[in-house]
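# Report on the structure
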Amino acid sequence: MTIHSCNRQGKATPLAAAEDSLARLDERLAKSPIREGWIARTHFTDAAACLWLEGALVHLDDFVLHDAGMDVRAPTFELTRAHAVLRTRRRIAEAKPDWALSAAGLAGLLGRGGQCDREDGSGDGEEEGDDALDMDGDGAAETAEPLRLTPPDDQLADVFAAVDAAIAQADRTLAGDIATQARRPPERHPLVYDLDWDEEERLDAWRAVIDQTRTLPPTLAAAIAADAWSAIEPLQHTPWIGRLLAASVLRQRGKTRSHLACLHDGLKAIPRERRRPRDSAGRLAVGLEAIAAAAAAGLKEHDRWLMARTLLTRKLDGRRSTSRLPALLEYVLTRPIVSAGMIAAELKITPRAAQDLVAELGLREATGRGRYRAWGIL
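Report follows, based on the coordinates.

Rules of the game
Residues numbered from 1 in each chain as written. Predicted model: local features only at pLDDT ≥ 70, side-chain atom pairs only at ≥ 80, totals over all residues. Heavy atoms only, no water. Helix = DSSP H or I, 4+ residues; strand = E, 2+ residues; numbered from the N terminus. Buried < 20%, exposed > 50% of the residue type's maximum accessible area, 1.4 Å probe, protein only. Contact = heavy atoms within 4.5 Å. Areas by Shrake-Rupley, 256 points an atom, 1.4 Å probe, with all protein chains shown as cover. Axes fitted to C-alpha atoms, helices over the stretch in contact; angles between N-to-C directions. Parallel < 35°, antiparallel > 145°, perpendicular 65-115°, else oblique. Left-handed = near helix turned anticlockwise from the far one by under 90°. Nonpolar A, V, L, I, M, F, W, Y, C, P; charged D, E, K, R; others polar. Salt bridge = Lys/Arg side-chain N within 4 Å of Asp/Glu carboxyl O. Pairing = 2+ DSSP bridges. Phe/Tyr/Trp six-rings, centres within 6.5 Å; stacked < 30°, edge-to-face > 60°. Lys NZ or Arg CZ within 6 Å of the ring centre and 35° of its normal.

Helix and strand counts for the protein come out as 16 helices and three strands. Looking at the protein residue by residue over its 378 residues, the buried ones come to 42%. Across the protein, the fraction of contacts at a sequence separation of at least 24, relative to all contacts at a separation of at least 6, is 67%. Here the protein displays about 21100 Å² of accessible surface, and carbon together with sulfur accounts for 52% of that area.

It is worth spelling out helix α3 (residues 60-67) at this point. Here α3 lies mainly inside the structure; seven of its eight residues are buried. All buried positions along α3 are accounted for by D61, D62, F63, V64, L65, H66 and D67. Looking at the buried side of α3, the elements it contacts are α2 (35-53), α4 (77-94), β1 (338-339) and α15 (340-347).

Now for the packing of helix α14 (residues 325-332) against α15. Running from N to C, α14 and α15 cross one another at 120 degrees; their axes reach a closest spacing of 11 Å. With respect to their mutual orientation, α14 and α15 come out oblique. Both α14 and α15 take part in a crossing whose hand is right-handed. Residue-level contacts link A327, L328 and Y331 of α14 to M342, I343, E346 and L347 of α15. Across the contact of α14 with α15, the residue classes tally to six nonpolar, no polar and one charged.

Moving on, we get to the pattern of salt bridges. All told, the structure shown has 15 salt bridges when counted by the stated rule. The closest approach of N and O atoms between E19 and K255, which form a salt bridge, is 2.7 Å. Taken together, the residues span a long stretch of sequence, with E19 in helix α1 (residues 12-30) and K255 in the loop between α11 (241-252) and α12 (263-268) at a distance of 236 residues. In terms of burial, E19 and K255 fall into one category: buried. Among the ionic pairs, R35 bridges to E36, the shortest N-O distance being 2.5 Å. What makes R35 partly exposed here is its relative accessible area of 24%.

Spatially, β1-β3-β2 is the arrangement adopted by the three strands of the open sheet, whose pairing is antiparallel. Each edge of the open sheet carries a strand with a single partner, namely β1 and β2 (364-365). As paired strands, β1 and strand β3 (residues 374-376) are joined by two bridges and run antiparallel to one another. Paired with S339 across the two strands is A374, which belongs to β3.

Scanning the model with the defined rule gives two aromatic pairs in all. Centroid distance F44 to F63: 5.4 Å. Interplanar angle 75 degrees. Geometry classified as edge-to-face. Here F44, found in helix α2, pairs with F63, found in helix α3; they are 19 residues apart in sequence, far enough to count as distant. Seen from their ring centres, W206 and W229 are 5.1 Å apart, and the 90 degrees between their planes marks the pair as edge-to-face. A residue pair is termed long-range when its members are at least 10 positions apart, and W206 in helix α9 (residues 199-212) and W229 in helix α10 (residues 218-232) qualify at 23 residues. As far as burial versus exposure is concerned, W206 and W229 are alike and both buried. Across from the ring centre of W305, 4.2 Å away, lies the NZ or CZ of R41, which sits over that ring. One residue, K268, lies across the ring of W52, its end atom 5.1 Å from the ring centre.

Given below as structure tokens:
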């Protein structure tokens, strides 16, 4: 894929729409009183949309309860995968804008943080050994030496010196073996992984594409990053991380300073038959449309949740200063749904008191299930 293919006729309109929609949403969120709640809720919806694009259905109510550790049934494989996407989104959103695309960030997201630290020199085996020895915190271990007995004659002194030298050599050999094993990548089973799949080489190729987009508009660079990840396929088993890294491109370039774009949710709004054109120019146009759709949907949801918060805030007038209703309102804005157990754990009250607060606030019941009840601002 070449960068020049993005300059063909027909890209100006999707590009302008994506740039404008993202700018409007980010500006609205920058001064919004529900910004943190909006971000927390969209983490869930984008992670569920990621699994939806792969053909797996994850119910938001089960998803939220699983994240809170209050599952009503054994979690499914799809649910655990969605939770992995959720944790990755949170990690990227809470870090610095340029962290995810850095060498340390990519290593951390791909589960190679320890290896990267050792390559950078921050995890040297000898330093770890010194820290492990200094357990008392008084620096005594730094000057500690092997126990030496006063030899009765020179012959025994030579024997003790030889023993000390052998022990020191063994310690150095063991330390070198441990460091070598730590730097060595874990072995992969051929039934699970393609051993000829060179992930490092593919990641380098993807980074090269990212470097070529430095002078392009941020949204176009993000669309190219997502399309290049799908084409190159650096990782065998986590293809979904590509769009999260594409959203990180928008943060790194300063286009989305107040949120992490929901590219999975935006692509979900594109009809399936138009989602994967064969030509690269068409795929870039679809990527830009997905960015614009995600921003437009995010702006719409923000205004709806803000209006709901304004209406519910009126019910707080005249309440005591010790009332838990304001805390409940702020908490319910951060989750698609909340159960009595979740409210009780968050507000440090009983489940019965949580249900009473829900009734006073007038939240809508979301699940309609008999086994458990949950409410939310839908």
